Amino acid sequence: MSDITKQSLSELVKNIKDKKLSSEEVTRAFIDRSEKSKELNTYITEDYSSALNKAKKFDQKPNLELKLPGIPMAVKDLFCTKDIRTTAGSKILGNFVPTYESTVTQNIWNEGAILLGKLNCDEFAMGSSNETSFFGNVQNPIDKNLVPGGSSGGSASAVAGQLTPITIGTDTGGSIRQPASFTGTVGLKPTYGSCSRYGIVAFASSLDQAGPMAQNVKDCALLQEVISTYDSKDSTSIDFKRNNYSKELTNNIKGKKVGIPKEYRVDGMPKEIDELWQKGIQYVKDCGAEIFDISLPHTSYALPTYYIVAPAEASSNLARYDGVKYGFRAKGENLIDMYEKTRSEGFGAEVQRRIMIGTYVLSSGYYDAYYLKAQKVRKLIKNDFDEAYKKVDAILTPSTPSSAFKIGEKKDDPVSMYLNDIFTVPVNLAGLPGISIPAGHDANGYPLGLQIIGKAFDEQNILNIAYAMEEKINFKNKITDWWIK
Amino acid sequence: MTIDLKTIKHISKLSRISLDEEKAKKLAGDLNSIFEFIEKLNELKTDNVEPLTSVAETTLKLRSDKVKSKDIREQIIKNSPQDNQDYFVVPKVIE
């Protein structure tokens, strides 16, 4: 089979279970394609030879009852992997080798999957274009010199470019859904507390969530089923009854109530995004769901709130990088000088910017005016959703205000970069699940995504709506393999 | 409100990130445009709003305090930029 890497995760699982493909064949195919795809710069660390050994070992005694039997998979380099370097895209963790495994990746290996390597991302997941990574830009497989989005840019690029059948990312303000939208892939940000944060390099602890990034909704549901578990090692992990998301997946969404928030029709939104949204509304109707106009009045305050809460938590989380116990250390004249030089040389510009914002809003005399104020507005934003969910079961919006932009286009303008997350950030602030699915193309042929937001713990419902819409949309990603010589 | 260079230098000290003059100036510009955007929150009256501290409305679960990782000292020390095999080493702090 020459077209192994073109198969979806579900097809690969079936072919391995039916013994039509071996884990070794599949693993070798993805390694070969990854080797030819270095120009995309998706990998920070490759673990190919070890992956091949694991695949051979799997084939000797295959356990075909597992959900991901012998499936090779690369993961975002924000997940700690035991004995494999984990950098978070930062110089400061450039040589860090974890002594333990994150719960989410452990769940994946427990179901038979095999690590291919660690994927590029914005430094400490702070960015919307993958341009803040210490390990360089990632190319979008859609077109040369196009950003793949961020922060899970390497993950999105690797799935769209068929370098891994599926992957995981993390989403603090849109870092799964925005790159999924930019690369024509499916990305789910689960409910806060659904997937354990244990062993994920922390950015903003009250917002961070891991989630699947896939070629289609069914694959996405399968991986969500594997990674979402209660974990006593994460004090914010929530013990609720989780569905068998892939088994219970249905395209029957008749009678479901879907809300359309008027505040998401923002000033200056390109016509093609609005048209895409209207098309999406029609698809939902065609599937037998009902459409309701709703209001989320505090939407425009979500980004300013996020840019207080997230940096505040980041400045606190990143205080641990002091050049003492692990990571990069710069030479200093004394201890304080060593700390200051280590952090100045070890962190990139965007990370320093956010640490400074966070430190400022938490500093004496400013806490009430900024941090406390933001927490209050966060409550209002959550109340908006609570109110809306009295009337509807889910909410449909665009995923991003534009398609992917060129590398370098927004690099020097932080506020314009932050505006990318205008539709995704409110979902994190309210702790809700959201999924982005590819829904069309812009005039350049670049993919555009639609987002379905659900009630807390209602992943099944948004997966079902996404599944029903996917069938109607019949999206085809335009991957030309331009980077393969 | 504008953030001046003096404030930037103060925050840089609190953040333990050293800045040269050029970097400080660039950061002052960036932070001012970001805070201009953040000031929008002042449009809202929030006197009677309870701050949201966690979206996960659960009480913390208790678990027994058992040691689960053993004999990993060597592995942990191996990640340090400077050590003497038993301890992390830092620049001298006491004269």
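Residues numbered from 1 in each chain as written. Chains lettered and ligands numbered in written order. Predicted model: local features only at pLDDT ≥ 70, side-chain atom pairs only at ≥ 80, totals over all residues. Heavy atoms only, no water.

A. Expanded view of the pairing of strand β6 (residues 209-214) of chain A. Residue and element names in this part refer to chain A. For β6, the buried fraction is high: six of the six residues fall into the buried class. Pairing between strand β4 (residues 167-171) and β6: five bridges, direction antiparallel. Looking at the pairing, Ile168 lines up with Pro212 of β6. Pairing geometry for strand β5 (residues 186-189) and β6, over two bridges, is antiparallel. Within β6, the residue paired with Val186 across the bridge is Ala214. (Buried < 20%, exposed > 50% of the residue type's maximum accessible area, 1.4 Å probe, protein only. Helix = DSSP H or I, 4+ residues; strand = E, 2+ residues; numbered from the N terminus. Pairing = 2+ DSSP bridges.)

B. Structural context of the domain arrangement of chain A. All names here are of chain A. Here the domain parsing of chain A yields domain 1 (4-259 + 396-473) and domain 2 (302-375). Spacing between the C-alpha centres of domain 1 and domain 2 amounts to 27 Å. Counting residues at the interface gives 28 residues for domain 1, matched by 26 residues for domain 2. Carbon and sulfur atoms make up 68% of the area that domain 1 and domain 2 hide from each other, which totals about 2400 Å². Of all residues in domain 1, the largest losses of buried area upon contact with domain 2 belong to Ile92, Met126 and Tyr418, amounting jointly to 31% of the total for that side. Between domain 1 and domain 2 we count zero salt bridges in total. Put simply, domain 1 and domain 2 have nine residue pairs in polar contact (both at pLDDT 80 or more) between them. Mapped onto the side of domain 1 that touches domain 2, the elements with two or more residues apiece are α13 (414-418) and α14 (425-429). Top contributing element to the side of domain 1 that touches domain 2 by residue count: α14, with three residues. Of the residues contributing to the side of domain 1 that touches domain 2, the split by class is 17 nonpolar, eight polar and three charged. (Domains from an automatic or database assignment. Contact = heavy atoms within 4.5 Å. Buried area = accessible area lost by both parts, 1.4 Å probe. Salt bridge = Lys/Arg side-chain N within 4 Å of Asp/Glu carboxyl O. Polar contact = N/O pair within 3.5 Å; in protein donor to acceptor, adjacent residues only side chain to side chain. Nonpolar A, V, L, I, M, F, W, Y, C, P; charged D, E, K, R; others polar.)

C. Fine view of the pairing of strand β9 (residues 394-398) of chain A. All names here are of chain A. Extensive coverage of β9 is indicated by the burial of five of its five residues. The alternating pattern of β9 places Ala394, Leu396 and Pro398 on one face and Ile395 and Thr397 on the opposite face, and all of these are buried. Pairing of strand β7 (residues 257-261) with β9 involves two bridges; the strand directions are parallel. If you follow Val258 over to β9, its bridge partner there is Ala394.

D. Spatial organisation of a positive patch on the surface. Taken together, Lys233 of chain A together with Arg63, Lys66 and Lys68 of chain B make up a surface patch of like positive charges. Along the chain, Lys68 of chain B turns up in the loop between α2 (21-38) and α3 (73-78). (Patch = residues over 30% accessible without salt bridge, like charges linked within 9 Å, V, L, I, M, F, W, Y side chains within 5 Å. Areas by Shrake-Rupley, 256 points an atom, 1.4 Å probe, with all protein chains shown as cover. Lys, Arg positive; Asp, Glu negative; His and termini not counted. Charge placed at Lys NZ, Arg CZ, Asp CG, Glu CD.)

E. Molecular detail of the interface of chain B and chain A. Listed per partner, the contact involves 54 residues of chain B and 63 residues of chain A. The junction of chain B with chain A conceals about 5300 Å² of combined surface from both sides, 68% of it contributed by carbon and sulfur atoms. For the salt bridge of Asp239 of chain A with Lys61 of chain B, the shortest nitrogen-to-oxygen distance reads 3.1 Å. Inspection of the chain B/chain A interface yields 19 residue pairs in polar contact (both at pLDDT 80 or more). Breaking the side of chain B that touches chain A down by element, the ones donating at least two residues are α1 (5-15), α2 and α3 of chain B. In terms of residues, the side of chain B that touches chain A owes the most to one element, α2 of chain B, which gives 10 residues. Looking at side-chain class alone, the side of chain B that touches chain A contains 28 nonpolar, 13 polar and 13 charged residues.

F. Focus on the packing of helix α8 (residues 271-286) of chain A against helix α15 (residues 459-473) of chain A. All names here are of chain A. It is the contact of α8 with α15, at a shortest axis distance of 9 Å, that shows an interaxial angle of 110°. Between α8 and α15, the angle falls in the class roughly perpendicular. Along the contact surface, α8 presents Gly280, Tyr283, Val284 and Asp286, while α15 presents Met469, Lys472 and Ile473. Of the residues in the contact of α8 with α15, the class split is four nonpolar, one polar and two charged. (Axes fitted to C-alpha atoms, helices over the stretch in contact; angles between N-to-C directions. Parallel < 35°, antiparallel > 145°, perpendicular 65-115°, else oblique.)

G. Spatial organisation of unusual backbone geometry. The amide bond that connects Gly150 of chain A to the next residue, Ser151 of chain A, takes the cis arrangement and shows omega of 10°. Relative to the assigned elements, Ser151 of chain A resides in the loop between β3 (114-119) and α5 (153-160). Look at Asp83 of chain A: it is not a glycine, yet its phi comes out positive at around 65°. Of note in the backbone geometry, Asp71 of chain B takes a positive phi value of approximately 55° without being a glycine. Along the chain, Asp71 of chain B falls in the loop between α2 and α3. A residue is classified by how much of its surface remains accessible, and Asp71 of chain B, at 77% relative accessible area, is exposed.

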